[in-house]
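# Notes for the structure review
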Amino acid sequence: MAKLSVVFYAWTALALIMLPFLTVSCGKGPAANPKVLFKTTQGDITIELDPAKAPITVKNILGYVEDKFYDGLIFHRVIPGFMIQTGGLTADMNQKKGKASIKNESGNGLTNARGTVAMARTSELDSASSQFYINLVDNSRLDEMKYCSFGKVVAGMDVVDAIATVQTGNKGGHQNVPLEPITILSAKVVK
């Protein structure tokens with residue numbers, strides 16, 4: 001009987017030790033990263049955001065999406081072999097006023113590789129607001145320059161590549177502007 005009691009207590013102790021691990025593994029698991037669908041005049045682009053590595057940046061982008069800030073804006077800077085940029089200008093090249101700048105989260109483990117999405121900014125480190133770009137190639141020098149990646153294209157890279165081939169010129173004091181506007185029709189969070 002004593003041996004049975006020792007075995008019972010040993011199993012009970014083991015169960016108590018393992019209980020926290022069992023409840024974690026039996027739960028729903030981590031929530032999926034949010035995805036944003038950008039419907040453009042050139043086609044759809046879906047971006048998966050990484051809130052674990054860039055929480056401030058992702059919260060910022062999702063706020064703009066929720067406010068429908070990106071709807072009607074254009075891809076205003078297209079440089080083949082480098083990147084395409086959007087998030088701040090209308091078709092008549094007027095700057096849309098965004099929110100305050102956010103803290104730069106570069107060095108978070110995400111890189112400026114092909115298909116990744118990163119914040120555009122001025123030479124000032126913490127100056128990013130609403131504008132972002134999609135890398136057409138691996139741009140590791142942008143990692144060295146501390147440009148913060150916060151997600152990646154998970155659908156529509158063919159659309160991104162098509163945008164990269166359009167004719168560009170100078171317009172409204174800006175260079176590399178598509179001659180025919182490429183407009184974001186809508187941006188929304190999708191499952």
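Let us look at the structure shown here.

Conventions we followed
- Residues numbered from 1 in each chain as written.
- Predicted model: local features only at pLDDT ≥ 70, side-chain atom pairs only at ≥ 80, totals over all residues.
- Heavy atoms only, no water.
- Helix = DSSP H or I, 4+ residues; strand = E, 2+ residues; numbered from the N terminus.
- Buried < 20%, exposed > 50% of the residue type's maximum accessible area, 1.4 Å probe, protein only.
- Contact = heavy atoms within 4.5 Å.
- Areas by Shrake-Rupley, 256 points an atom, 1.4 Å probe, with all protein chains shown as cover.
- Salt bridge = Lys/Arg side-chain N within 4 Å of Asp/Glu carboxyl O.
- 1 Å grid on protein atoms, 1.4 Å probe; cavity = no way out; pocket = protein on both sides within 12 Å on 5 of 7 lines; lining within 4 Å.
- Points joined across faces, edges and corners; volume = space filled by probe spheres on them.
- Nonpolar A, V, L, I, M, F, W, Y, C, P; charged D, E, K, R; others polar.
- Pairing = 2+ DSSP bridges.
- Expected span 1.5 Å × (residues − 1).
- Phe/Tyr/Trp six-rings, centres within 6.5 Å; stacked < 30°, edge-to-face > 60°.

Once that is clear, we can look at the overall build of the protein. The secondary structure content of the protein amounts to 4 helices and 10 strands. Helices (α) and strands (β) of the protein occur, in sequence order from the N terminus, as α-β-β-α-β-β-β-β-α-β-α-β-β-β. Counting over 191 residues, the protein shows a buried share of 42%. Once local pairs closer than 6 in sequence are excluded, the contacts in the protein between residues at least 24 apart make up 68%. Summed over its atoms, the accessible surface of the protein is roughly 10800 Å², and 60% of this surface lies on carbon and sulfur atoms.

In the structure shown here, the tally under the stated rule is 3 salt bridges. As a salt-bridge pair, Lys39 and Asp44 come within 3.0 Å of each other at their nearest N and O atoms. Residue class for Lys39 comes out partly exposed when judged on its relative accessible area of 32%. Taking relative accessible area as the criterion, Asp44 reaches 34% and is therefore assigned partly exposed. The closest approach of N and O atoms between Lys99 and Asp67, which form a salt bridge, is 3.2 Å. Here Asp67 lies in the loop between helix H2 (55-66) and strand E3 (75-79) and Lys99 lies in the loop between strand E4 (83-86) and strand E5 (116-119), a separation of 32 residues in the sequence.

This part takes up empty space enclosed by the protein. Where empty space is left in the structure can be found by rolling a water-sized probe over the atoms. Taken as a whole, this structure holds 2 cavities of 30 Å³ or more when the rule is applied. Approximately 40 Å³ is the volume found for the largest cavity. If you trace the largest cavity, you find it lined by Thr57, Ile102, Lys103, Asn104, Glu105, Met119, Arg121, Leu125, Ala128 and Cys148. Split into classes, the residues belonging to the lining of the largest cavity amount to 5 nonpolar, 2 polar and 3 charged. Volume-wise, the second largest cavity comes out at about 40 Å³. If you trace the second largest cavity, you find it lined by Val36, Phe38, Ile47, Leu49, Ile61, Val117, Phe132 and Phe150. Along the lines of polarity and charge, the residues of the lining of the second largest cavity split into 8 nonpolar, no polar and no charged.

Among the 5 residues that make up E3, 4 are buried, leaving the element largely enclosed by the rest of the structure. When E3 meets E4, the two strands line up antiparallel, connected through 4 bridges. Bridge assignment links Ile79 to a residue of E4, and that residue is Met83.

Now for the layout of surface pockets. Within this model, the largest pocket holds a volume of roughly 190 Å³. Taken together, Gln95, Lys96, Lys97, Gly98, Ala120, Arg121, Thr122, Ser127, Ala128, Ser129, Ser130 and Gln131 make up the lining of the largest pocket. For the lining of the largest pocket, a count of residues per class yields 2 nonpolar, 7 polar and 3 charged.

Next up on the list: H2. Between its first and last C-alpha, H2 extends 16 Å over 12 residues, near the 16 Å set by a 1.5 Å rise per residue. Buried within H2 we find Thr57, Val58, Asn60, Ile61, Gly63, Tyr64 and Val65. Next to the buried residues of H2 lie strand E1 (35-40), strand E2 (43-49), E5, strand E6 (132-135), strand E7 (149-155) and strand E10 (184-190). Phi turns positive, to about 60°, at Lys68, one or two residues after H2.

Take the packing of aromatic side chains next. Under the counting rule described, the total for this entry stands at 8 aromatic pairs. Considering the side-chain rings of Tyr64 and Phe69, the 4.6 Å spacing of their centres and the 50° angle between planes classify their relative orientation as tilted. Side by side, Tyr64 and Phe69 carry an identical accessibility label, which is buried. With 5.5 Å between their ring centres and 85° between their planes, Tyr70 and Phe132 make a pair best called edge-to-face.

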